[in-house]
Amino acid sequence: CNFKCRICGPLASSLFAEELKKFSSISIKTKNWAESESKTIDEIIELFPTLTNIDMYGGEPFLIKPLLRLAEQAVNQGYAKNMRLHYNSNGSVYPEKFVEYWKKFKHVDIHFSIDNIGTRFELERGGSWNQVDSNINQLIDLKLPNVKISIMPAINIMNIFYIDELLQWASELSLTVNPLYVTDP
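Just so we're clear, the structure is a prediction, and the values are computed from it rather than from any experiment.

Caption draft 1: Main features of the pairing of strand β4 (residues 147-151). In terms of burial, β4 is largely enclosed, as 4 of its 5 residues are buried. As paired strands, strand β3 (residues 107-112) and β4 are joined by 5 bridges and run parallel to one another. Looking at the pairing, histidine 111 lines up with serine 150 of β4. Of the pairings in the sheet, the one linking β4 to strand β6 (residues 176-177) comprises 2 bridges and is parallel in character. Considered in β6, the bridge of isoleucine 151 is made with valine 177.

Caption draft 2: Unusual backbone geometry, seen in detail. If you check the backbone angles, lysine 143 has positive phi at about 50° while not being a glycine. Locating lysine 143 in the fold gives a position in the loop between α6 (129-142) and β4.

Caption draft 3: Structural context of the packing of helix α5 (residues 118-125) against α6. At a minimum axis distance of 9 Å, the contact between α5 and α6 shows a crossing angle of 105°. When the interaxial angle is binned, α5 and α6 end up roughly perpendicular. For the pair α5 and α6, the contacting residues are Gly118, Phe121 and Glu122 in the first and Trp129, Asn130 and Val132 in the second. Class assignment of the residues belonging to the contact of α5 with α6 gives a composition of 3 nonpolar, 2 polar and 1 charged.

Caption draft 4: Seen up close, the nonpolar core. If you look at the biggest cluster of nonpolar residues, it comprises 44 residues, and the most contacted ones within it are Tyr87, Trp102, Phe105, Ile110, Ile114 and Trp169. Sorting elements by how many residues they give to this core places helix α3 (residues 65-76) first, with 5 residues. When sequence neighbours within four positions are dropped, the list of residues in contact with tryptophan 102 reads Phe62, Leu85, Tyr87, Pro95, Val108, Ile110, Leu139, Asn146 and Val147.

Caption draft 5: Summary view of the pattern of salt bridges. In total, this model carries 6 salt bridges according to the counting rule given. Across the salt bridge formed by aspartate 55 and arginine 84, the nearest N and O atoms sit 3.5 Å from each other. A residue pair is termed long-range when its members are at least 10 positions apart, and aspartate 55 in strand β1 (residues 53-56) and arginine 84 in strand β2 (residues 84-89) qualify at 29 residues. For aspartate 55, a relative accessible area of 37% corresponds to the partly exposed category. Using a relative accessible area of 25% as the deciding quantity, one classes arginine 84 as partly exposed. Two residues, glutamate 165 and arginine 120, come together in a salt bridge whose shortest N-O distance is 2.3 Å. With glutamate 165 in helix α7 (residues 163-172) and arginine 120 in helix α5, this residue pair connects regions lying 45 residues apart in the sequence. A cluster of three or more residues bridged by salt bridges with shared partners is formed by Asp55, Arg84 and Asp109.

Caption draft 6: The arrangement of a nonpolar patch on the surface in detail. Among the surface-exposed residues, Ile160, Phe161 and Tyr162 lie close enough to one another that they form a single nonpolar patch of about 340 Å² accessible area. Looking at the secondary structure, you find tyrosine 162 in the loop between β5 (154-155) and α7. Under the relative-accessibility criterion, tyrosine 162 is labelled partly exposed at 33%.

Rules used in this analysis
Residues numbered from 1 in each chain as written. Predicted model: local features only at pLDDT ≥ 70, side-chain atom pairs only at ≥ 80, totals over all residues. Heavy atoms only, no water. Buried < 20%, exposed > 50% of the residue type's maximum accessible area, 1.4 Å probe, protein only. Helix = DSSP H or I, 4+ residues; strand = E, 2+ residues; numbered from the N terminus. Pairing = 2+ DSSP bridges. Axes fitted to C-alpha atoms, helices over the stretch in contact; angles between N-to-C directions. Parallel < 35°, antiparallel > 145°, perpendicular 65-115°, else oblique. Contact = heavy atoms within 4.5 Å. Nonpolar A, V, L, I, M, F, W, Y, C, P; charged D, E, K, R; others polar. Core = buried A, V, L, I, M, F, W, Y, C linked by side-chain atoms within 4.5 Å. Salt bridge = Lys/Arg side-chain N within 4 Å of Asp/Glu carboxyl O. Patch = residues over 30% accessible without salt bridge, like charges linked within 9 Å, V, L, I, M, F, W, Y side chains within 5 Å. Areas by Shrake-Rupley, 256 points an atom, 1.4 Å probe, with all protein chains shown as cover.

See the structure below:
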């Protein structure tokens, strides 16, 4: 993950894990399968004849190079028309290389982890609000009939008093809101 969200931790965020290694004697063992030609991706591709749904969670799945190969292979092998793809994204990356492949899938869901807007988003998630907002708007503007875009805010102590502003922003973009509730950390 390229963010270091305040509601996250070192097991789900590579930036948190790097910081923990610098400032702590606690060791987090990580395996960066996403940066290599993964056996996992090959195993998923072998399952294409029977797969109807693939869920990909973030951090940021659009930075994971093998996931593009997964979409490409599903299209090239003729299985995309029977599949639903689901992504949880932090919104920091515009998935330009994925878009042409998505047009061939039965359905694509993209849930963006957006808990706040503006500078409060930047404080809470650690990314650029203007970039995230722009990326989401670009995807909406494509008007792809098989792509559903929504937000999945994590309701927590940092945003509870500003949820109305987030809901207003989502409403203006006609985005569905699927809230989560943070209980840990």
